[in-house]
Amino acid sequence: MPDRRALLRQTAELAADYLDTLDTRPVHATADHESLVRAFGGPLPARGEAPGEVVSHLATIADPGLIASAGPRYFGFVIGGSLPSALAADWLTSAWDNNAGLYAIGPAASVAEEVAGEWLIELFGLPAGSSVGYTTGATMASFVGIAAGRHRVLERAGWNVEDDGLIGAPDLAVVVGAEAHVTIHVSLQMLGLGRNRVVRVPTDEQGRMRPDALRDALRELRDRPVIVIAQSGNVNTGAFDPLPEIVAAVHELPNAWLHVDGAFGLWAAISPELRPLVAGLGDADSWTTDAHKWLNVPYDSGIAIVRDAAAHHAAMTLGASYYVETVGAERDPYNWVAESSRRARGFPIYAAIRELGRDGLRDMIERCCALARRMADGLREAPGATILNDVVLNQVLVRFAPPVAPGETEPDAAATDAFTREVIAAVQADGTCWLGGTTWHGLAAMRISVSNYSTTEADADLSVGAIRRCAAAVGDRWGAPLPA
């Protein structure tokens, strides 16, 4: 039997060593695919190895292939870090190894989810009594919320979708903004509602659903069960759909459900400064968010919240003769998500909320948004750079035009696309920070998301300097100097 205490101490030291390097190590991976395969690969071991040797070897071979996404200069996708308490609680979650499916298996896990859920509902300003489910991420959280809506609108139309499926069911219409996130379409795919059967509502120049176009679309759907999916926090611009107008339009229908995808934008509700962006949020029927984005807990951690707890329960519950179910006083977590056996995700969320409190969470959200504006301002002054979005949250879109020699014509869109993508690649290779690219309204753009609690003004300024330096170097390669 290995010395478990010594092994865990060794593991903690290895983890601490890694975390201590986050400020200084390159943000990108330093190993390519082939070298990682060589390091990890080899014949299947015939004999077991000592746990300490396995862990030590794993830390060594994995290190070159790690992305410092937990660090302060990772601005790719929308990824937060891990608060100290949330990381520690996640370690304890693994050590306790309780299955969070049933209260009978993990009473503490169930209660942590229950209490954290009540806190989240209060923080977001959502209706008391709403139900909460803890999922892997936004895809499954949206799956849960839309499934609850599917249950309720089809039940009103006289159909039990859980028992009878969708064959022969009333024709259910799904309405989304033209810039709905891909996870919404994946959720619809898994729910049998189809990715291509949706009604797409045009959006404005920032990606917000147009209420006038929504009303036009809903006018044709009045006699059908309808699910409308709005967005709080466009993944490119951070823009918010105008919920008061959307709510009013949806509530005019006799049988409709409004789901809000707020994977990161929902957290704006916590800040008095940002709360006007989510006006009308509490009048929707279900909501999606991610705790591994702006609550800064370890992966994975999606959250589904549903006003109609009965519809939520009906859409998700399974039931089996051997399950030891509660009689109602306690919470069986599996009744609120699409999994039975699962990780106890409530512990890190509970810990993070306690570490920050309402005030600390507000400060973190507002600080990230201020840093996004700071980076946008620093890049706006760079030669050839254009900020494409209104920086209302934590997202920045930047486009870089190639340098033009005196007497030459201005570059066309294709050249600017190519130059922008080359600047993005150069920044990723530089290693000072990491950010991704996107295509926004047909234009290539650099996409910056500030989501980490540990990011400072110094990190933002260092990253802006690196981006400008890389843009200048790419400009030199294109044949004309571009000042940094």
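The notes below deal with the structure included here. Values in this document were obtained by computation on a predicted structure and should not be read as measured data.

Reading the values: rules and limits
Residues numbered from 1 in each chain as written. Predicted model: local features only at pLDDT ≥ 70, side-chain atom pairs only at ≥ 80, totals over all residues. Heavy atoms only, no water. Helix = DSSP H or I, 4+ residues; strand = E, 2+ residues; numbered from the N terminus. Rg over C-alpha atoms; globule rule 2.2 N^0.38 Å. Buried < 20%, exposed > 50% of the residue type's maximum accessible area, 1.4 Å probe, protein only. Contact = heavy atoms within 4.5 Å. Areas by Shrake-Rupley, 256 points an atom, 1.4 Å probe, with all protein chains shown as cover. Lys, Arg positive; Asp, Glu negative; His and termini not counted. Charge placed at Lys NZ, Arg CZ, Asp CG, Glu CD. Salt bridge = Lys/Arg side-chain N within 4 Å of Asp/Glu carboxyl O. Axes fitted to C-alpha atoms, helices over the stretch in contact; angles between N-to-C directions. Parallel < 35°, antiparallel > 145°, perpendicular 65-115°, else oblique. Nonpolar A, V, L, I, M, F, W, Y, C, P; charged D, E, K, R; others polar. Pairing = 2+ DSSP bridges. Right-handed = clockwise from strand over helix to strand, strands pointing away. Phe/Tyr/Trp six-rings, centres within 6.5 Å; stacked < 30°, edge-to-face > 60°. Polar contact = N/O pair within 3.5 Å; in protein donor to acceptor, adjacent residues only side chain to side chain. Core = buried A, V, L, I, M, F, W, Y, C linked by side-chain atoms within 4.5 Å.

**Examining the overall build of the chain**
Okay, step 1: Within the chain, the secondary structure is distributed over 14 helices and eleven strands.
Okay, step 2: The C-alpha radius of gyration computed for the chain amounts to 24 Å, which stays within 12% of the reference 23 Å derived for 484 residues, consistent with globular compactness.
Okay, step 3: For the chain, the residues scored as buried account for 51% of the 484 residues in total.
Okay, step 4: Look at the contacts in the chain between residues 6 or more apart in sequence, and 73% of them connect residues 24 or more apart.
Okay, step 5: Of the roughly 21000 Å² of accessible surface on the chain, 54% is carried by carbon and sulfur atoms.
Okay, step 6: A distance of 0 Å separates the average location of the 39 positive side-chain charges in the chain from that of its 59 negative side-chain charges.

**A closer look at the pattern of salt bridges**
Okay, step 1: Applying the stated criterion across every chain, the model contains 27 salt bridges.
Okay, step 2: For the salt bridge of D171 with R224, the shortest nitrogen-to-oxygen distance reads 3.1 Å. Of the two residues, D171 is situated in the loop between α7 (161-164) and β2 (173-177) and R224 in the loop between α9 (211-219) and β4 (226-231); the sequence distance between them amounts to 53 residues.
Okay, step 3: Among the residues examined, D171 registers a relative accessible area of 40% and is labelled partly exposed.
Okay, step 4: The partner of D417 in a salt bridge is R399, with the nearest N and O atoms 2.5 Å apart. Of this pair, D417 sits in helix α13 (residues 413-430) while R399 sits in strand β9 (residues 395-400), and the two are 18 residues apart along the sequence. The two residues D417 and R399 agree in class, both being buried.
Okay, step 5: Each member of the salt-bridge network shares a partner with another, and the members are E113, R331 and R342.

**Remarks on the packing of helix α6 (residues 138-156) against helix α11 (residues 309-316)**
Okay, step 1: Contact geometry of α6 with α11 gives a least axis separation of 8 Å together with a crossing angle of 105°. Overall, the two elements α6 and α11 adopt an arrangement that is roughly perpendicular. On the side of α6, the interface is formed by F143, V144, A147, A148, H151 and R152, while α11 contributes A310, A311, H312, A314, A315 and M316.
Okay, step 2: Among the residues making up the contact of α6 with α11, the classes are represented as nine nonpolar, two polar and one charged.

**Comments concerning the pairing of β4**
Okay, step 1: Counting buried positions along β4 gives six out of six residues, so the element sits mostly inside the fold.
Okay, step 2: Because side chains alternate across β4, one face comprises the buried residues V226, V228 and A230, and the other comprises I227, I229 and Q231, equally buried.
Okay, step 3: As judged from the four bridges shared by β2 and β4, these two strands associate in the parallel manner. Residue pairing for β4: A173 is matched across the bridge by V226.
Okay, step 4: Pairing analysis gives six bridges linking β4 to strand β5 (residues 256-261), with the strands arranged parallel. Bridged to A230 within β5 is V260.
Okay, step 5: The parallel pair β4 and β5 is bridged by helix α10 (residues 243-251), and the resulting crossover is right-handed.

**What to know about the packing of aromatic side chains**
Okay, step 1: Applying the stated criterion across every chain yields a total of six aromatic pairs.
Okay, step 2: Ring geometry for F419 against W478: centres 5.1 Å apart, planes inclined by 85°, an arrangement best described as edge-to-face. Residue F419 is located in helix α13, and its partner W478 is located in the segment after α14 (457-477); the two are separated by 59 residues in the primary sequence.
Okay, step 3: According to the relative accessible area criterion, F419 is buried, its value standing at 0%.

**Observations regarding the environment of W159**
Okay, step 1: Its location among the elements puts W159 in the loop between α6 and α7.
Okay, step 2: On the basis of relative accessible area, W159 is assigned to the partly exposed category, the value being 21%.
Okay, step 3: Placed ten residues apart in sequence, W159 and A169 show a C-alpha to C-alpha distance of 6.5 Å.
Okay, step 4: Those residues within four positions of W159 in sequence are excluded, and the remaining contacts are L154, D164, G165, I167, G168, A169 and P170.
Okay, step 5: One polar contact links the side chain of W159 to the main-chain carbonyl oxygen of G165, over a distance of 2.7 Å.

**Some details on the side chain of S142**
Okay, step 1: Among the structural elements, S142 can be located in helix α6.
Okay, step 2: For S142, the side chain forms a polar contact with the side chain of T288, separated by 3.0 Å.
Okay, step 3: With residues near it in sequence (within four places) discarded, S142 still touches I184, S187, H259 and T288.

**Observations concerning the sheet that holds strand β10 (residues 436-440)**
Okay, step 1: Across the sheet, four strands lie side by side as β8-β9-β11-β10; this open sheet has antiparallel pairing. With partners counted over all chains shown, the strands left at the sheet margins are β8 (385-387) and β10, one partner each. Strand after strand, the sheet turns through a mean of 40° between neighbouring axes, direction not considered.
Okay, step 2: Here β10 pairs with strand β11 (residues 443-449) via five bridges, running antiparallel.

**Observations concerning the nonpolar core**
Okay, step 1: Core analysis: the largest hydrophobic core is formed by 89 residues, its most contacted members being L218, L295, M446 and I448.
Okay, step 2: No other element matches helix α12 (residues 346-380), which puts 14 residues into this core.
Okay, step 3: Among all residues touching L295, those that are not within four sequence positions of it are L83, W267, I349, A352, I353, L356, L361 and M364.
Okay, step 4: Formed by 26 residues, the second largest nonpolar core is a distinct cluster that contains I184, L188, A311 and M316.

**Some words on the pairing of β9**
Okay, step 1: For β9, a buried count of six out of six residues is recorded, marking the element as mostly surrounded by other parts of the structure.
Okay, step 2: Note: β8 against β9, three bridges, orientation antiparallel. Considered in β9, the bridge of I387 is made with V398.
Okay, step 3: Judged from the four bridges that link them, β9 and β11 form a sheet pairing that is antiparallel. Following the sheet pairing, L397 is matched in β11 by R447.

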